[in-house]
Amino acid sequence: MKQIVNDTFTLWQEEGRRVIPQNFEVFRSLVTQAKDSMDCGKYNMAAVYGEMAASYASGKHCGLFISQELEHILLSIGRKAIRGSIDSIKRSSFYETPKNVLHIATSMGSIGGHSRMLWRWIKQDTERSHSLVLTRQAPKVVPQLLRDSVFNSGGQIYLLNTRIGNIISWADWLRKIAINFDLIVLHINSADVVPIIAFSEKEHLPPVIFIDHADHLFWLGASISDLVVSLRGSGMRLAQERRHIEPKRNVLLPIILEPTQRILSRAEAKRQLNIPEDSILLLSIARAIKYKTINGISFADAHLPLLKQYPQAILIVIGPGESEDSSDAIGQTQGRIRVLKETEHTSVFYQAADIYVDSFPFVSSTSLLEAGSYGVPLVSRYPYPSEGSGVLGADMPGITGNLIRVQDIEEYTAVLSHLVKDAEFRIFLGEATQRKIAETHIGNGWQNSLNQIYSYVSTKPNVPVTTNVPDEMYLSEPDVYMKSIHDIQMNADQLIQWHLPLMPFGERLNHWLHLLKKHGLRNNPINLLLPEWFRSRYYSWLHSSQSS
């Protein structure tokens, strides 16, 4: 089996080295189009090309985790396109300890650790008022928990893409909103160009913090951030080594969790799930994209050796939903594998679990922390040959030292077997994990870490010096594995189609006619000609009318 693993990684490396230069050329062409459009004074189209370039780089790895060239173009767009707005805005001073915080995100959903961290942050940090700008939320509904946390703090929510306009006018509005706050916190998606354009001139702006929640991907935002906040050690190393973030403006903040409320014993939770009380429940929870079949071995298949050896063992996987990849393994274990779709209601599963097994090949840090906070021992796979790919594995301040990381399926089976057989060790490890998570990620422990960041960035902001350094493509770790781990299926036509609503009407029409000729009306409906703001307003109205 180890030889199979080694052969797999050799193939992954070869595939990465073959594909990355191709992806890099596509990225470069989009960056060039952004610059050419800017030079012609077509600032909104330049911004759209910039977002297309970043979207491509975050979905199809190009040997880059940051592009100083692209950020330089976006900064130039902001300085040229909203120059008058920049000159007219004045703000004399800010509080040393911020009282009014503005969070900026692209969009937020009800499922996922990214959204949970934001609303938990606001709920925990009761000494301040928190407002939220969402650059691309509509027509999706803002999660109720997030709405409540903002309004209860005395803050407001702004939806940029329901306002008549385009990327440039939204960036202009964002800057006018932001100038009234003491601190800006960016939770943006990897390709969101609006804040970079809005904050192209730092004068009179409050300090800007960037939350590196997608530390395994290419992202935009380093050029406007006084402080980059990493959520784990491997992300911090990558930020400094590959994103050129100076150590003095890179700090660590644990992911925040809510205090654990265990209201059911394991036996009671199992009864609610119709699981035998004397069973050993292995649990895994993550979004569907984090589970992937590798070399014909699905996530469920990887547990067959253990489940066949221990008839009392049961595996529940929440996220992927039913699929052909798991059907054979389910049959071989007489239904002792359950694969369920994504759900917000996971508490009873965590309380029933005896062992938590991380998603694979894409780790789920928040789920690991949530499971560990219930006193469940944690196991994660790290099959990579060196620590150079650390950002692809699981590590967090509150689980480092207690998380069991294994390299291959043989070691995985052996570790799980030990946990199944040794209840005393299982309970000891779970309780140790729970204590460390509570100290680091919950309540006052987490608040102390946040207060230190507030104090540091407010009194000693380190505004970055932006340079137009040529992008350098890497063919090392973790780059060569990204194709096999995280690769979004997209081509040039799909990328254009996704961004049509953001384009000025003339370019939108020309690109739509080109797509129509190639792929037909069925694949390119006429509603793609509607601008983003109109589509957002219309679908928001449609959603509200259907739900009322």
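Our structure is the block above this text.
Residues numbered from 1 in each chain as written. Predicted model: local features only at pLDDT ≥ 70, side-chain atom pairs only at ≥ 80, totals over all residues. Heavy atoms only, no water.

> Could you clarify how one ought to interpret the overall build of the protein in this entry?
From N to C terminus, the protein includes 21 helices and 13 strands. Its C-alpha atoms give the protein principal-axis dimensions of about 70 × 55 × 50 Å. Partitioning the contacts of the protein with sequence separation of at least 6, the portion at a separation of at least 24 is 75%. Of the accessible surface of the protein, which amounts to about 22700 Å², a share of 52% is contributed by carbon and sulfur atoms. Taken together, the 55 basic and 55 acidic charged side chains of the protein have centroids lying 4 Å from each other. (Helix = DSSP H or I, 4+ residues; strand = E, 2+ residues; numbered from the N terminus. Contact = heavy atoms within 4.5 Å. Areas by Shrake-Rupley, 256 points an atom, 1.4 Å probe, with all protein chains shown as cover. Lys, Arg positive; Asp, Glu negative; His and termini not counted. Charge placed at Lys NZ, Arg CZ, Asp CG, Glu CD.)

> It is not clear to me how helix 3 (residues 68-81) should be interpreted in this structure. Could you clarify?
Given a rise of 1.5 Å per residue, 14 residues ought to cover 20 Å, and the 20 Å separating the end C-alpha atoms of helix 3 matches this to within 8%. Those residues of helix 3 that sit buried are Glu69, Leu70, Glu71, Ile73, Leu74, Leu75, Ser76, Ile77 and Gly78. (Expected span 1.5 Å × (residues − 1). Buried < 20%, exposed > 50% of the residue type's maximum accessible area, 1.4 Å probe, protein only.)

> In this structure, what is going on with the packing of helix 2 (residues 43-59) against helix 3? I would like to understand it.
In a packed pair of helices, the relevant descriptors are the angle between the two axes and the axis-to-axis distance. The geometry of helix 2 relative to helix 3 is characterised by a closest axis approach of 10 Å and an angle of 155° between their N-to-C directions. Of the possible angle classes, the one that applies to helix 2 and helix 3 is roughly antiparallel. In this structure, helix 2 meets helix 3 at a crossing whose hand is left-handed. Of helix 3, the residues touching helix 2 (which contributes Tyr43, Ala46, Ala47, Gly50, Ala53 and Ala54) are Leu70, Leu74, Ile77, Lys80 and Ala81. Class assignment of the residues belonging to the contact of helix 2 with helix 3 gives a composition of 9 nonpolar, 1 polar and 1 charged. (Axes fitted to C-alpha atoms, helices over the stretch in contact; angles between N-to-C directions. Parallel < 35°, antiparallel > 145°, perpendicular 65-115°, else oblique. Left-handed = near helix turned anticlockwise from the far one by under 90°. Nonpolar A, V, L, I, M, F, W, Y, C, P; charged D, E, K, R; others polar.)

> It is not clear to me how the nonpolar core should be interpreted in this structure. Could you clarify?
The nonpolar side chains of a soluble globular protein tend to be buried, and buried together. Counting 70 residues, the largest nonpolar core has Phe27, Leu70, Ile104, Leu186, Ile197 and Phe199 as its most contacted members. A total of 10 residues in this core trace back to one element, the largest contributor, which is helix 2. Among residues more than four places away in sequence, those in contact with Phe27 are Ala53, Tyr56, Ala57, Cys62, Leu64, Ser67, Leu70, Phe218 and Asp471. Grouped together as the second largest cluster of nonpolar side chains are 49 residues, Leu231, Leu264, Leu281 and Leu450 included. (Core = buried A, V, L, I, M, F, W, Y, C linked by side-chain atoms within 4.5 Å.)

> Please clarify how the sheet that holds strand 8 (residues 280-285) should be interpreted in this entry.
Picture the strands of a sheet paired through backbone hydrogen bonds; they go either parallel or antiparallel. Spatially, 10-9-8-11-12-13 is the arrangement adopted by the 6 strands of the open sheet, whose pairing is parallel. Both outer strands of the open sheet, strand 10 (337-341) and strand 13 (404-406), are each paired with one neighbouring strand and no more. Here the strands of the sheet are splayed against their neighbours by 20° on average, with no regard to which way each runs. The pairing of strand 9 (residues 313-319) with strand 10 spans 5 bridges and is parallel. Bridged to Gly319 within strand 10 is Lys341. (Pairing = 2+ DSSP bridges.)

> What am I meant to see in the packing of aromatic side chains here?
The description of two aromatic rings rests on the distance between their centres and on the angle between their planes. Here the structure, examined in full by the defined rule, presents 12 aromatic pairs. Here Tyr158 and Trp173 contribute two aromatic rings whose centre-to-centre distance is 6.2 Å and whose plane-to-plane angle is 85°, an arrangement assigned as edge-to-face. Here Tyr158 is found in strand 3 (residues 157-159), whereas its partner Trp173 is found in helix 7 (residues 167-178), with 15 residues between them in sequence. When the ring of Phe210 is compared with that of Trp219, the centres are 4.1 Å apart and the planes differ by 25°; the resulting orientation is stacked. In this pair, the class of Phe210 matches that of Trp219, namely buried. Members of the aromatic cluster, joined through ring pairs, are Trp12, Tyr382, Tyr384 and Tyr481. One residue, Arg163, lies across the ring of Trp173, its end atom 4.2 Å from the ring centre. Taking NZ or CZ as reference, Arg381 lies 4.8 Å from the ring centre of Tyr412, over its face. (Phe/Tyr/Trp six-rings, centres within 6.5 Å; stacked < 30°, edge-to-face > 60°. Lys NZ or Arg CZ within 6 Å of the ring centre and 35° of its normal.)

> Could you clarify how one ought to interpret the side chain of Asn524 in this entry?
Among the structural elements, Asn524 can be located in the loop between helix 20 (505-523) and helix 21 (532-547). Excluding residues within four positions of it along the chain, Asn524 makes contact with Gln497, Trp512, Leu515, Leu516 and His519.

> How do you make sense of the environment of Ile294 when you look at a structure like this?
Secondary-structure assignment places Ile294 in the loop between strand 8 and helix 11 (304-309). Not counting residues up to four positions away in its chain, the partners in contact with Ile294 are Thr8, Trp12, Phe360 and Pro361.

> What's the story with a nonpolar patch on the surface in this structure? I'm lost.
Among the surface-exposed residues, Phe534, Tyr538 and Trp541 lie close enough to one another that they form a single nonpolar patch of about 340 Å² accessible area. Within the secondary structure layout, Trp541 lies in helix 21. Among the residues examined, Trp541 registers a relative accessible area of 53% and is labelled exposed. (Patch = residues over 30% accessible without salt bridge, like charges linked within 9 Å, V, L, I, M, F, W, Y side chains within 5 Å. Salt bridge = Lys/Arg side-chain N within 4 Å of Asp/Glu carboxyl O.)

> Got a minute to help me understand helix 7 in this structure?
Since there are 3.6 residues in each turn of an α-helix, residues three or four apart along the chain are aligned in direction. Compared with an ideal rise of 1.5 Å per residue, which puts 12 residues at 16 Å, helix 7 spans 16 Å between its outermost C-alpha atoms and is within 8% of the ideal. For helix 7, the buried fraction is high: 9 of the 12 residues fall into the buried class. Here helix 7 has its buried residues at Ile167, Ile168, Trp170, Ala171, Asp172, Leu174, Arg175, Ile177 and Ala178. Here helix 7 starts with a cap whose side-chain oxygen sits 3.1 Å from the backbone nitrogen of Ile168, and that cap is Asn166. (Polar contact = N/O pair within 3.5 Å; in protein donor to acceptor, adjacent residues only side chain to side chain.)

> So what exactly am I meant to see when it comes to the environment of Leu257 here?
Within the secondary structure, Leu257 sits in the loop between strand 7 (250-252) and helix 10 (266-272). Since its relative accessible area comes to 4%, Leu257 is described here as buried. Each C-alpha atom of the pair Leu257 and Trp121 lies 8.7 Å from the other, and the pair is 136 residues apart in sequence. When residues no more than four places from it in sequence are discounted, the contact partners of Leu257 are Arg120, Leu369, Glu370, Ser373, Ile437, His441 and Ile442.

> Quick question: what am I supposed to make of unusual backbone geometry here?
Ala138 connects to Pro139 through a cis peptide bond whose omega is 10°. With respect to the element layout, Pro139 can be found in the loop between strand 2 (129-134) and helix 6 (144-152). Residue Glu477 is joined to Pro478 through a cis peptide bond whose omega torsion reads 0°. By secondary structure assignment, the location of Pro478 is in the loop between helix 17 (443-459) and helix 18 (479-485). Phi is positive for His204, close to 75°, though the residue is something other than glycine. Along the polypeptide, His204 turns up in the loop between helix 8 (194-198) and strand 5 (208-212). What makes His204 partly exposed here is its relative accessible area of 22%. The phi dihedral of His244 falls on the positive side, at around 60°, and the residue is not glycine.

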